[in-house]
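# Coordinates in review
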Amino acid sequence: MDASSTAQVPISEFQRCNSCHTMKSVGEEHFKARADGNLFKTCGECLDKKKKARLNKLRLRNANKENLTQASEEGSDDRILSPPLEYEDSALFQGMKIVKLDAFVQTLLKTGGKIDVVTAKVNVSGTEASSSRDMADKVAKAIWECSGYRFIYHSFYMHKLSLSSKFRYYCAQMYSRQRTNKDCESIKERRKPSMQTFQCHGWLFMTVYQELHVVEVSVQHKEKHVPYRCIDVPPAVHEFLKDNPGISFAQLWKKILEMDPAPGYSRKAMRQYRIAMGRQSDDKMETRC
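Predicted model only: the values in this text are computed from it and were never measured. The residue count restarts for each chain, going from 1 along the sequence in the order it is written. Where totals are concerned, whole chains, interfaces and linings use all residues; where local detail is concerned, this predicted model gives features only for residues with pLDDT of at least 70, and gives and counts side-chain atom pairs only at 80 or more. Heavy atoms from the whole structure form the basis of all side-chain values; hydrogens and water molecules are not counted.

## Quick look at unusual backbone geometry
- Of note, the phi angle at His-21 is positive, near 60°, even though the residue is not glycine.
- Secondary structure elements follow DSSP: runs of H or I of four or more residues count as helices, runs of E of two or more count as strands, with numbering from the N terminus. Relative to the elements of secondary structure, His-21 occurs in the loop between strand 1 (14-16) and strand 2 (23-25).
- Its identity is not glycine, yet Asp-116 carries a phi of approximately 60°, on the positive side.
- Note that Asp-116 resides in strand 4 (residues 116-123).
- Classification of residues uses two cut-offs on accessible area relative to the type maximum, computed with a 1.4 Å probe and protein chains only: under 20% is buried, over 50% is exposed, and between them is partly exposed. Judged by relative accessible area, which is 41%, Asp-116 ranks as partly exposed.

## Description of the pattern of salt bridges
- For salt bridges, the criterion is a side-chain nitrogen of Lys or Arg within 4 Å of an Asp or Glu carboxyl oxygen. Taken as a whole and assessed by the stated rule, the structure comprises five salt bridges.
- Of the charged contacts in the structure, one is a salt bridge between Asp-48 and Lys-32, with a shortest N-O distance of 3.4 Å. You can see Asp-48 sitting in helix 1 (residues 44-74) and its partner Lys-32 sitting in the loop between strand 2 and helix 1, a full 16 residues away along the chain.
- Owing to a relative accessible area of 38%, Asp-48 belongs among the partly exposed residues under this scheme.
- For Lys-222, the salt bridge identified is with Asp-116, shortest N-O distance 3.0 Å. In this pair, Lys-222 sits in the loop between strand 8 (214-221) and helix 4 (235-243) while Asp-116 sits in strand 4, placing the two residues 106 residues apart along the sequence.
- Residue classification places Lys-222 among the partly exposed positions, given a relative accessible area of 42%.
- One salt-bridge network, in which partners are shared between bridges, spans Lys-24, Glu-45 and Lys-49.

## Considering the confidence of the model for the chain
- pLDDT measures the predictor's confidence residue by residue and takes values from 0 up to 100. On average, residues of the chain score 75 in pLDDT, and 73% of them are at 70 or above.
- Between two residues, a contact is recorded if the distance between any of their heavy atoms is within 4.5 Å. In the model, residues 1-9 has pLDDT below 50 throughout and makes three contacts with residues more than four positions away in sequence or in other chains.
- In the model, residues 279-289 has pLDDT below 50 throughout and makes zero contacts with residues more than four positions away in sequence or in other chains.

## Comments concerning the pairing of strand 7 (residues 203-209)
- The element strand 7 is extensively covered by neighbouring structure, given that six of its seven residues are classed as buried.
- In this description, strands pair whenever DSSP reports at least two bridges between them. For strand 6 (residues 165-171) and strand 7, the ladder comprises six bridges, and the chain directions are antiparallel. The partner of Ser-165 across the bridge, within strand 7, is Val-208.
- Sheet topology places strand 7 next to strand 8; seven bridges connect them, and they run antiparallel. Of the residues in strand 8, the one forming a bridge with Leu-204 is Val-219.
- Hairpin connection between strand 7 and strand 8: a loop of four residues separates the two successive antiparallel strands, and His-213 in this loop has a positive phi of roughly 55°.

Here it is in structure tokens:
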């Protein structure tokens, strides 16, 4: 039988699978029927694969829950990454007297590093901060300077009705917030020096009322530990970057390694700083124009 005599299937009887994007003939052998009689847009083979993937994901999730439960029973750390939200309750600040930032700092100094939980309503009107984030950063920096604990920005939420903004920061030396560094054997990719970490449960919660210049501060730090040691890009390298704005990053990093074979900062920190410098120069150019 030649090809001309074979029965040709009309194009309308073919359907493309939404998953594998393969044209297949319409029928229950390829596309299963729904309850309403219509056919699925995904072929049966792809549906079975997705079902198996969901089941495997569910098994892994249940296995992880069992491992975490067993680890907590054995007393090991389960690396809880979520902040304790009970310290964000606005009821904690009802009837609380507003204090200046300096007075709040003095209260933290009296703790001697054993902060535990301290709440206060802080007036930041005397600072140069203009936006809500600037006010939150100003308070976090003041806590760092007086206690030695650096709190890093975590998340942000703005209320639609109360015209306030919530900020969350965490202690830079908290163990549960650390990420594992990749082992790099190359000279170009050097690991950032390791930093001591602790089970300090350090969290900083702030609700900023920008128009009132008032910040509701709740700082939690359960364990006293060594102060944060800044390992950012040093000032000498900052000046070198300013003097060589047109150099490529690969050449720049090679030159830095020639100056300091074992720098105390990472390649990523250098790249981020150079990006920030570029943005600042662009802002200055726009201001001049």
